[in-house]
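Observations on the three-dimensional arrangement
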Amino acid sequence: QVQLVESGGGLVQAGGSLRLSCASSRRTFRGYHMGWFRQAPGKDRDFVAKIFWNGESTSYADSVRGRFIISRDNAENTVYLQMNSLEAEDTAVYYCAAGLRYSSSWSDYNFWGQGTQVTVSS
């Protein structure tokens, strides 16, 4: 089992920045692809960003491309989501996920964090 713990959520004004962290204590973390997803109340769980197991490839949803940056530090078993130029539409619970498939679909991921709330005020 891989246990993931997100942190860094909070309240921020539109145009501001926030960095989310997702940590795992498992050494096998380095072999997993990682993804970020988000879900607003009453809406679907949407793909945000993903990163290949060794960090060589990244991918972003159209809605966040150019504003968000996903990165990972395998030595620290941590993946990050740097969120810049935040908009009210970014308000959601953000989830970190790990899986063996480099996918943009939430159902392809095996392990999930508990989620962290991000609220952007306009």
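Up top you'll find the structure we're talking about.
Residues numbered from 1 in each chain as written. Predicted model: local features only at pLDDT ≥ 70, side-chain atom pairs only at ≥ 80, totals over all residues. Heavy atoms only, no water.

1. Considerations on the side chain of Arg67
Assignment of secondary structure puts Arg67 in the loop between strand 6 (58-60) and strand 7 (68-73). What makes Arg67 buried here is its relative accessible area of 11%. A polar atom in the side chain of Arg67 sits 3.0 Å from the backbone oxygen of Ser85. (Helix = DSSP H or I, 4+ residues; strand = E, 2+ residues; numbered from the N terminus. Buried < 20%, exposed > 50% of the residue type's maximum accessible area, 1.4 Å probe, protein only. Polar contact = N/O pair within 3.5 Å; in protein donor to acceptor, adjacent residues only side chain to side chain.)

2. Concerning unusual backbone geometry
With a phi close to 55°, Asn77 is a non-glycine residue in the positive phi region. Within the element layout of this structure, Asn77 appears in the loop between strand 7 and strand 8 (78-83). A residue is classified by how much of its surface remains accessible, and Asn77, at 12% relative accessible area, is buried. In the Ramachandran plot, Ser85 falls in the positive-phi region, its phi being about 50° despite a non-glycine side chain. Mapped onto the elements, Ser85 comes out in the loop between strand 8 and strand 9 (92-99).

3. Remarks on the nonpolar core
Core analysis: the largest hydrophobic core is formed by 34 residues, its most contacted members being Met34, Trp36, Val79, Leu81, Met83 and Tyr94. Within the residue set of this core, elements represented by two or more residues are strand 3 (18-23), strand 4 (33-39), strand 5 (45-51), strand 7, strand 8, strand 9 and strand 11 (116-121). It is strand 9 that contributes the most residues to this core, five residues altogether. Apart from residues no more than four positions distant in its own chain, Val79 is found in contact with Leu20, Ser21, Cys22, Phe29, Met34, Trp36, Ile51, Ile70, Ser71, Arg72 and Cys96. (Core = buried A, V, L, I, M, F, W, Y, C linked by side-chain atoms within 4.5 Å. Contact = heavy atoms within 4.5 Å.)

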